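Chain by chain, the residues run as shown.
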Amino acid sequence: MKKYLIVLFITLGFLKLSAQQAEETLRVQELIKKGVEHHDAREYKNAIEAYNEALKIDSKSMSATYEMALSYLAMRDYKNASVYSTKVINSKDKDLLIGAYGVKSESLAETGKVNEAITLLEKALRELGNNYYLHFNLALNYYKKGDLDMTITHVDNALNLNKSQSGAYLLAAYALNDKEIWVQSILSFQIFLLMEPDSHRSKNAFEEMLQVMHVKKTTEEPVERSFIQKQLERHSNKDASTKTIKETPPLDVYQDVNRKLVYNAIENTLDSLNTNIEQDSIDNDSTRTLLYNSFKEVTRNIFTVLSEENDGTKKGSIWSFHVPVITKILNSPYFDTYCRYISVAYFPESLEWWENNQESAAKFVRWFEKGDEDE
């Protein structure tokens, strides 16, 4: 009888312990959820307080530790962001490792340790294998360093793994433009704007794209960009103020792209429209109308030239992905809608069109994502 009582007491003790552990686990989860809500509301100090409470209950909670690192990063407290992200990395928690490497690498880069950030991310790639976020963060850090070749290499790797992230197309567009790979830069800008048409960075991206398309002259002060970069000479030209709408970019064949054909299409289009856009702003209604029509027709003829050149023998992502995308749009009934859609952040008239034609815009998006079901 005594033996059975001992077993019973032990069993009850385990049950009580399990119930307590379950209660503590639930409380930790609630605190983490509360912290995330504060973080999303940009109440970072409150978020950190919640995560600290969770860690008092369970000091080994890597979820709370990782979220803590994110909130410190958002506060630009890079020292603590690095400390907590390092704890997650050392834990080898597979679900959080990639994010933790991203937080720590950004903390290093933001404190001027870009080379250390690159070394860390390369180590992560070796350990974890190819991953979109690791390649994209490497591309960002090489871009900050001013190494455009490695930026393009890693952003290409990122896009080969995941083509659904708009930021990668924007980074590619910037790096390609600075390398004077201007046709590919135009297409990267267009894909970015198709995916993210209405943000602050969309407006600036559209402005720079117009310059690359020679629809608008390049200004002395470069367009504000979304990613920090070393001050590089744009387009190998020391006097950016001398650049005009008629300046000739590289016209040789590059990656099977006959750039002379594309450039001639742009020039012929602008000449036929009798464009004379001298203003650096778009405050004037007539200027905006002329600028929009020039953008639309130049886009149409760039798409046409590249579509006609795509004979199935050419290699590279521009021919396997970008050109098929623009050909699909060009040959659809939605080309005009597309031009309005990607220009909503730049032209007030496009924004007004979007607001007044929600159904048409939604129909275009459904068609693009799912095919021809709405035609």
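1. A short note on the environment of Gly 129
Next up, step 1: By the secondary structure assignment, Gly 129 is in the loop between helix H6 (114–128) and helix H7 (132–145).
Next up, step 2: The exposure class of Gly 129 is partly exposed, given its relative accessible area of 25%.
Next up, step 3: Setting aside its immediate chain neighbours within four residues, Gly 129 contacts Ala 124 and Leu 134.

2. Brief notes about the pattern of salt bridges
Next up, step 1: Counted under the stated rule, the structure contains 15 salt bridges.
Next up, step 2: Of the charged contacts in the structure, one is a salt bridge between Asp 149 and Lys 179, with a shortest N-O distance of 3.0 Å. With Asp 149 in helix H8 (residues 148–161) and Lys 179 in the loop between helix H9 (166–178) and helix H10 (182–195), the pair connects residues that are 30 residues apart, well separated along the chain.
Next up, step 3: Here the salt bridges share partners, and the residues they tie into one network are Lys 296, Glu 297, Arg 300 and Asp 336.

3. Quick look at the packing of helix H12 (residues 259–272) against helix H13 (residues 285–309)
Working note: a packed helix pair is described by the angle between its axes plus the distance between those axes.
Next up, step 1: Taken N-terminus to C-terminus, the directions of H12 and H13 make an angle of 150 degrees; their axes are 9 Å apart at the nearest point. Judged by the inter-axis angle, H12 sits roughly antiparallel to H13. In the crossing of H12 with H13, the sense of the turn from one axis to the other is right-handed. Along the contact surface, H12 presents Leu 261, Val 262, Ala 265, Ile 266, Thr 269 and Leu 270, while H13 presents Ser 294, Glu 297, Val 298, Asn 301, Ile 302, Val 305, Leu 306 and Glu 309.
Next up, step 2: Broken down by class, the residue content of the contact of H12 with H13 amounts to nine nonpolar, three polar and two charged.

4. Describing the environment of Leu 134
Next up, step 1: As for its placement among the helices and strands, Leu 134 is situated in helix H7.
Next up, step 2: Overall, the relative accessible area of 0% leaves Leu 134 in the buried class.
Next up, step 3: In the structure, Leu 134 is positioned 23 residues away from Asn 157 in sequence and 9.8 Å away in space, judged by C-alpha atoms.
Next up, step 4: Setting aside residues no more than four positions away along its own chain, Leu 134 makes contact with Ile 98, Tyr 101, Leu 121, Ala 124, Leu 125, Leu 128 and Gly 129.

5. Some details on helix H5 (residues 97–110)
Next up, step 1: In this model, H5 (14 residues) spans 20 Å end to end at C-alpha, consistent with the 20 Å of a helix rising 1.5 Å per residue.
Next up, step 2: Of all 14 residues that make up H5, ten are buried, and the element is covered over most of its length.
Next up, step 3: Leu 97, Ala 100, Tyr 101, Gly 102, Val 103, Lys 104, Ser 105, Ser 107, Leu 108 and Ala 109 are the residues of H5 that are buried.

6. Some remarks on the packing of aromatic side chains
Next up, step 1: Scanning the entire structure with this criterion turns up 22 aromatic pairs.
Next up, step 2: Summarising the aromatic geometry, the rings of Tyr 334 and Phe 364 are spaced 6.1 Å apart at their centres and angled 50 degrees between planes, so their arrangement reads as tilted. Within this pair, whereas Tyr 334 is found in the loop between helix H14 (317–330) and helix H15 (335–342), its partner Phe 364 is found in helix H17 (residues 358–370), the two being separated by 30 residues in sequence.
Next up, step 3: With a relative accessible area of 7%, Tyr 334 lands in the buried category.
Next up, step 4: Phe 364 gets classed as buried once you look at its relative accessible area, which sits at 1%.
Next up, step 5: Joined through ring pairs, the aromatic side chains of Phe 303, Tyr 334, Phe 335, Tyr 338, Tyr 341, Trp 354, Phe 364, Trp 367 and Phe 368 make up one cluster.
Next up, step 6: Sitting over the ring of Phe 321, Lys 163 keeps its end group 5.4 Å from the ring centre.

7. Re H7
Next up, step 1: Here H7 spans 20 Å end to end across 14 residues, near enough to the 20 Å set by a 1.5 Å rise per residue.
Next up, step 2: With eleven of 14 residues buried, H7 is to be regarded as a mostly interior element.
Next up, step 3: Turning to H7, its buried residues number three or more, namely Tyr 132, Leu 134, His 135, Phe 136, Asn 137, Leu 138, Ala 139, Leu 140, Asn 141, Tyr 142 and Tyr 143.
Next up, step 4: For H7, the elements touching its buried residues are H5, H6, H8 and H9.
Next up, step 5: The distance from a side-chain oxygen at the start of H7 to the backbone nitrogen of Tyr 133 is 2.8 Å, and the residue carrying that oxygen is Asn 131.
Next up, step 6: Phi for Gly 146, located one or two positions after H7, is positive at around 95 degrees.

Criteria and thresholds
Residues numbered from 1 in each chain as written. Predicted model: local features only at pLDDT ≥ 70, side-chain atom pairs only at ≥ 80, totals over all residues. Heavy atoms only, no water. Helix = DSSP H or I, 4+ residues; strand = E, 2+ residues; numbered from the N terminus. Buried < 20%, exposed > 50% of the residue type's maximum accessible area, 1.4 Å probe, protein only. Contact = heavy atoms within 4.5 Å. Salt bridge = Lys/Arg side-chain N within 4 Å of Asp/Glu carboxyl O. Axes fitted to C-alpha atoms, helices over the stretch in contact; angles between N-to-C directions. Parallel < 35°, antiparallel > 145°, perpendicular 65-115°, else oblique. Left-handed = near helix turned anticlockwise from the far one by under 90°. Nonpolar A, V, L, I, M, F, W, Y, C, P; charged D, E, K, R; others polar. Expected span 1.5 Å × (residues − 1). Phe/Tyr/Trp six-rings, centres within 6.5 Å; stacked < 30°, edge-to-face > 60°. Lys NZ or Arg CZ within 6 Å of the ring centre and 35° of its normal. Polar contact = N/O pair within 3.5 Å; in protein donor to acceptor, adjacent residues only side chain to side chain.

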